[in-house]
Amino acid sequence: MNTLHPRIRIVWILRAVVRAGIVGAIAAAVAFFFELSPFIPIGIATVALVIGIVFALLRYRNWGYVVGDDAIYLERGVLTEVRTEVPLVRIQHVDSRRSAFERLVGLASTVVYTAGSRGADVTIPGLTPEAATALRKQLKALAIAADGEDAV
Amino acid sequence: MKLAPVSVPYRVLQKASSLVITVVLIASFGAGAQFGSLGFVGAIGGILVLTLIYEIAYYRRFTYELTDDTFDLQSGVFSRREREIPYGRIQNVDTTRNIVQRLVGISAVNIETAGGGSTEAVIQYVSAAEADRLQQEIRYRKRDVAREDERTRGDRDSAAETDARGDDERPEIDEEVLFKIAPSELALAGILSFDPRVPGLLIALFTGSIPFVSPIIPTTGSTLVFIITVGILLVGAIVLAWVVGALSAIINYWGFQLTRSADELRYERGLLQRYSGTIPFDKIQAMTIEDNPLKRRAGFATLSVETAGYAPGQAGGRGSEAAVPIASLDRVEALAREIDSYGTPSFKRPPKRIRRRYFARYVMALGVLTGILYTASLFVDAAADIPWYLPVAGILVAPIAAHYKWLHRGYWLGEDHIVTRNGFWNRETKFVAYYRIQTVLDTRTIFQRRWNVATVVADTAGSLSILGKDCSAIDIDDADAVSLREKLTERLNDALADRRAARRTNASFQWLDGHDDADLSTPAFERRDPNQSDDSAETVASDEPANTTDSTEPARPDELEPADTKADAETTDFDDDVDADNEEADTNGTDSVDNTEADHTDGVDDAEADYTDSVSDTDEPANGTDKN
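Residues numbered from 1 in each chain as written. Chains lettered and ligands numbered in written order. Predicted model: local features only at pLDDT ≥ 70, side-chain atom pairs only at ≥ 80, totals over all residues. Heavy atoms only, no water.

**Here's the deal with the pairing of strand E2 (residues 71–76) of chain A**
Residue and element names in this part refer to chain A.
In step 1: In this structure, strand E1 (residues 64–67) lies alongside E2, joined through four bridges in antiparallel fashion. Residue pairing in the sheet places valine 66 in a bridge with tyrosine 73 of E2.
In step 2: Here E1 folds back onto E2 in antiparallel fashion, the turn holding three residues.
In step 3: In textbook terms, the turn of a hairpin is the stretch between consecutive antiparallel strands, and for E2 and strand E3 (residues 81–87) this stretch comprises four residues, one of which, glycine 77, has a positive phi near 115 degrees. (Pairing = 2+ DSSP bridges. Helix = DSSP H or I, 4+ residues; strand = E, 2+ residues; numbered from the N terminus.)

In structure tokens, the structure reads:
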């Protein structure tokens, strides 16, 4: 089982900070409007931040993936654990991408697309850019080797 | 090719009428609109002229063409667009004609492909004859493309032989009527379609208009009179809802007919607006049989078929239109088997302990409801008299509800299909062929983990699963879930390998004489490539041409029965489910209950045993058993 790059926690924590900021801002606006104590929005934002950080850490601990012979296997989730198997024959295309936060800490993600309606795109975050590119190429080669017929 | 010329005035009227209505509305809201005034008439005239010009331009710009391997479409007045849709990618072709269009003799054609949020090609409008021709022509060309494909994939030397088949040869497609709605079924479909929106609407109207209605209700009389009046109104609303639902169902499904040709399903329906469409067998993603307690009692069910195309008639509601609205269960099952032959499901239920979870869930819901009512009765004066303790009585019903929820839940792994069943009030039995699976997920929420259960979802490209109606085995034992997930992936890969092998052999033999001949199956086996492993059994459809690479039934060489496997399967229905609900507990219930009992200890082995058991029950040649 491959784990993600530890720095992904920074990305997720940064996202949690942004989210807490948004929640706090909304709470502050409401508090201002109803003339409530300013400690309420601060409290809400802090709680959101703490929950976000805990989730980020737990998510990191629970994340894992394996590129097997005929399928990619992923394990993730905090409250709801999800294990996905993506058969290589079903891969439609593969992206590697880098968000702003990811670029900040020097990471990248690989996104695998299938024709399915539900898990249609499976993201593997927390890869170094080289690893993301390598994974993309590996998956491409595997998908071609798997010789999927019409994917739908 | 161009659109039908009549479509120009039709589209002008269609567009202009809505525009004119908008203008009239705006004008009537605007200060002092003079409807007779020159400006007003001029505005409407201007709109008409502008739409006419636009529509003429649209008509001139809109061309389509059936090329050798794509359907080409050029359209657009301001921004032009050209598309080429490969025949092999077309999911379904639908035509619709509403009553006006039928009078003028035109019809709309929609061509769906997988992916994308909307219909790929909308052709408004061509003559009815042209619409039929398009549907047919695309069907032929798809077949040609599929054959071409197989030829190139297959042995090179077969190419010379197949070339003997003239390209312009159009073997007549024999159509077989699979299903025709009987008047009684249509009536039943009507009776059972209660439209809940109508009473809702009525209540909304009614409460909005209490000041106007209240004089009718005799408030001065005794309470008895009052209650009777309200009762009559209520019954009236329900009857009205029923009538509306019945009428709309009858209008929608009037003359419903499902025909099958070699590689497609074709449906036709509708009284005022006529719908017809085709669904290629090899594009079918999943089938669903739906019923509810009432239908189960009466032995009826609903069948729907999903493709990956964006479901036709989105606006009209959910899912695919190739649904049989209602028919007796054995007819529905025979039809489902005809479309895609599956075995005889014997469902494996979730572990029994899960009933306690459902019970707890219901009790919690009741508790919350009671709490809300109680709080309301404390703080809201008007609600002070509400018997807030009433929901508590529900606790008596909760164990029964929990039991039934459990009873109707289950999954079954067939030879080529996974079948799942969920729901008591609206029970859905979903059939997904292994080779249609896209991804397999197993999920466990924080609550499910407490009970050591999980949910396995077999995701397909079907359009209904967007609505969350997936093929899912809910609340099965954790160990089972893991093994189910692994098994599904494995079987998907095996099924795909089988299909590839089948295609290779088919490609070299199928088109020797260019006809869909059932007898071809035998030579295919005899000439089997010795290098191929036995596992990837050569499959040839017994009564279908090979280019419908869909329901080819895997056959193990040693129990080779080339023909009629399907016919056997049809007669073995799962009768236990025909029975009314209440009996289910003892008839079909008993055997599977025992199974699930054993679950807790050796769930995996049990599933295995279950599977092989039921496979050997059916007369079909069993390939799947090898794989375990």
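**Some points on the interface of chain A and chain B**
In step 1: At the interface, 28 residues of chain A touch 37 residues of chain B.
In step 2: Here chain A meets chain B over a buried area of about 2700 Å², counting both sides, of which 44% is carbon and sulfur.
In step 3: The interface formed by chain A and chain B holds two salt bridges in total.
In step 4: For Glu85(A), the salt bridge goes to Arg485(B), with nearest N and O atoms at 2.8 Å.
In step 5: Taken together, chain A and chain B are joined by twelve residue pairs in polar contact (both at pLDDT 80 or more).
In step 6: Going through the elements one at a time, E2 and E3 of chain A are the ones with two or more residues in the side of chain A that touches chain B.
In step 7: If you tally residues by element for the side of chain A that touches chain B, the top one is E3(A), at seven residues.
In step 8: Sheet topology places E3(A) next to strand E17 (residues 439–444) of chain B; five bridges connect them, and they run antiparallel. If you follow Val82(A) over to E17(B), its bridge partner there is Thr443(B). (Contact = heavy atoms within 4.5 Å. Buried area = accessible area lost by both parts, 1.4 Å probe. Salt bridge = Lys/Arg side-chain N within 4 Å of Asp/Glu carboxyl O. Polar contact = N/O pair within 3.5 Å; in protein donor to acceptor, adjacent residues only side chain to side chain.)

**Description of the pairing of strand E4 (residues 90–97) of chain B**
Regular strands place side chains that alternate from one sheet face to the opposite one.
All names here are of chain B.
In step 1: Burial within E4 is extensive, with seven of its eight residues counted as buried.
In step 2: Bridge count for E4 against strand E5 (residues 106–113) is six bridges, and the pairing is antiparallel. Considered in E5, the bridge of isoleucine 90 is made with threonine 113.
In step 3: Pairing of E4 with strand E10 (residues 274–280), which is carried by five bridges, proceeds in the antiparallel orientation. Bridge pairing in E10 places arginine 97 opposite arginine 274. (Buried < 20%, exposed > 50% of the residue type's maximum accessible area, 1.4 Å probe, protein only.)

**Here's the deal with the packing of helix H12 (residues 354–379) of chain B against helix H13 (residues 398–407) of chain B**
Residue and element names in this part refer to chain B.
In step 1: Look at H12 against H13: their axes get within 8 Å of each other, and the N-to-C directions meet at 130 degrees. On the basis of their axis angle, the class for H12 and H13 is oblique. As H12 packs across H13, the resulting crossing turns out to be right-handed. Contacts between H12 and H13 involve Ile354, Arg355, Tyr358, Phe359, Arg361 and Tyr362 from the former and Ala398, Pro399, Ala401, Ala402, His403, Lys405 and Trp406 from the latter.
In step 2: Here the residues of the contact of H12 with H13 sort into nine nonpolar, one polar and three charged. (Axes fitted to C-alpha atoms, helices over the stretch in contact; angles between N-to-C directions. Parallel < 35°, antiparallel > 145°, perpendicular 65-115°, else oblique. Left-handed = near helix turned anticlockwise from the far one by under 90°. Nonpolar A, V, L, I, M, F, W, Y, C, P; charged D, E, K, R; others polar.)

**Some details on the sheet that holds strand E2 (residues 70–75) of chain B**
Residues and elements named next belong to chain B.
In step 1: Sheet architecture is open: three strands sit in the order E1-E2-E3, paired in antiparallel fashion. With one partner strand each, in any of the chains shown, strand E1 (63–66) and strand E3 (81–86) form the two edges of the open sheet. Adjacent strand axes in the sheet meet at a mean angle of 10 degrees when their direction is disregarded.
In step 2: As judged from the four bridges shared by E1 and E2, these two strands associate in the antiparallel manner. The partner of leucine 66 across the bridge, within E2, is phenylalanine 71.

**A few points about a nonpolar patch on the surface**
All names here are of chain A.
In step 1: On the surface, a cluster of nonpolar side chains totalling about 930 Å² of accessible area is made up of Val18, Ile22, Val23, Ile26, Val30, Phe33, Phe34, Leu36, Ile40 and Ile44.
In step 2: Sorting the residues of the nonpolar patch by element identifies helix H1 (8–34) and helix H2 (39–62) as the ones contributing at least two each.
In step 3: When residues of the nonpolar patch are assigned to their parent elements, the largest contribution, seven residues, is made by H1.
In step 4: Its place among the elements puts valine 30 in helix H1.
In step 5: Valine 30 sits in the partly exposed class, given a relative accessible area of 39%. (Patch = residues over 30% accessible without salt bridge, like charges linked within 9 Å, V, L, I, M, F, W, Y side chains within 5 Å. Areas by Shrake-Rupley, 256 points an atom, 1.4 Å probe, with all protein chains shown as cover.)

**Quick notes on unusual backbone geometry**
All names here are of chain B.
In step 1: Cis rather than trans, the peptide bond between glutamine 124 and tyrosine 125 has omega equal to -5 degrees.
In step 2: Topologically, tyrosine 125 is positioned in strand E6 (residues 121–127).
In step 3: Non-glycine residue asparagine 452 carries a positive phi angle of around 60 degrees.
In step 4: At aspartate 475, a residue that is not glycine, the phi angle is positive and equals roughly 60 degrees.
In step 5: Residue classification places aspartate 475 among the buried positions, given a relative accessible area of 1%.

**Observations concerning the nonpolar core**
In step 1: Phe179(B), Leu258(B) and Ile339(B) are the most contacted members of the largest nonpolar core, which has 29 residues in total.
In step 2: Counting residues per element, the ones that place at least two in this core are strand E7 (176–180), strand E9 (264–269), E10, strand E11 (284–291), strand E12 (300–307), strand E13 (324–328) and helix H11 (329–339) of chain B.
In step 3: The leading source of residues in this core is H11(B), at five residues.
In step 4: The residue makeup of this core includes at least three contributed by each of domain 2 (179–338) and domain 3 (354–487) of chain B.
In step 5: In this structure, Leu258(B) is in contact with Glu176(B), Val177(B), Leu178(B), Phe179(B), Leu265(B), Arg266(B), Tyr267(B), Val324(B) and Leu335(B), ignoring residues within four places of it in sequence.
In step 6: Judged by nonpolar contacts, the second largest core, of 25 residues, contains Val94(A), Val112(A), Val122(A) and Ala132(A). (Core = buried A, V, L, I, M, F, W, Y, C linked by side-chain atoms within 4.5 Å. Domains from an automatic or database assignment.)

**What about the pattern of salt bridges?**
In step 1: One pass over the full model with this rule turns up 22 salt bridges over all chains.
In step 2: Among the salt bridges present, the one from Arg11(B) reaches Glu55(B), with a minimum N-O distance of 2.7 Å. Linking Arg11(B) in helix H1 (residues 7–29) with Glu55(B) in helix H2 (residues 38–61), this pair joins segments that are 44 residues apart in sequence.
In step 3: Taking the relative accessible area as the measure of exposure, Arg11(B) reaches 8% and is therefore buried.
In step 4: When the shortest N-O distance is used, the salt bridge between Arg409(B) and Asp475(B) registers 3.6 Å. Residue Arg409(B) is located in the loop between H13 and strand E14 (410–413), and its partner Asp475(B) is located in strand E19 (residues 471–477); the two are separated by 66 residues in the primary sequence. The burial state of Arg409(B) is the same as that of Asp475(B); both residues are buried.
In step 5: Each member of the salt-bridge network shares a partner with another, and the members are Glu85(A), Asp442(B), Arg444(B), Asp478(B), Arg485(B) and Glu486(B).

**Here we look at the sheet that holds E11(B)**
Residue and element names in this part refer to chain B.
In step 1: The six strands lie next to each other as E13-E12-E11-E16-E15-E14, forming an open sheet whose pairing is antiparallel. Looking at which strands have only one partner, the edges of the open sheet turn out to be E13 and E14. Direction aside, the axes of adjacent strands within the sheet are offset by 20 degrees on average.
In step 2: Bridge count between E11 and strand E16 (residues 427–433): six bridges; the pairing is antiparallel. Paired with isoleucine 289 across the strands is threonine 429, a residue of E16.

**What about the side chain of Asp477(B)?**
In step 1: Structurally, the position occupied by Asp477(B) is in strand E19.
In step 2: Apart from the residues within four sequence positions on either side, Asp477(B) is in contact with Pro351(B), Arg353(B), Asn452(B) and Val453(B).

**Some thoughts on the environment of Thr3(A)**
Residues and elements named next belong to chain A.
In step 1: Along the chain, the position of threonine 3 falls in the segment before H1.
In step 2: In sequence terms threonine 3 and asparagine 62 are 59 residues apart; their C-alpha atoms lie 8.7 Å from each other.
In step 3: Apart from the residues lying within four places of it in its own chain, the contact partners of threonine 3 are Trp63 and Tyr65.

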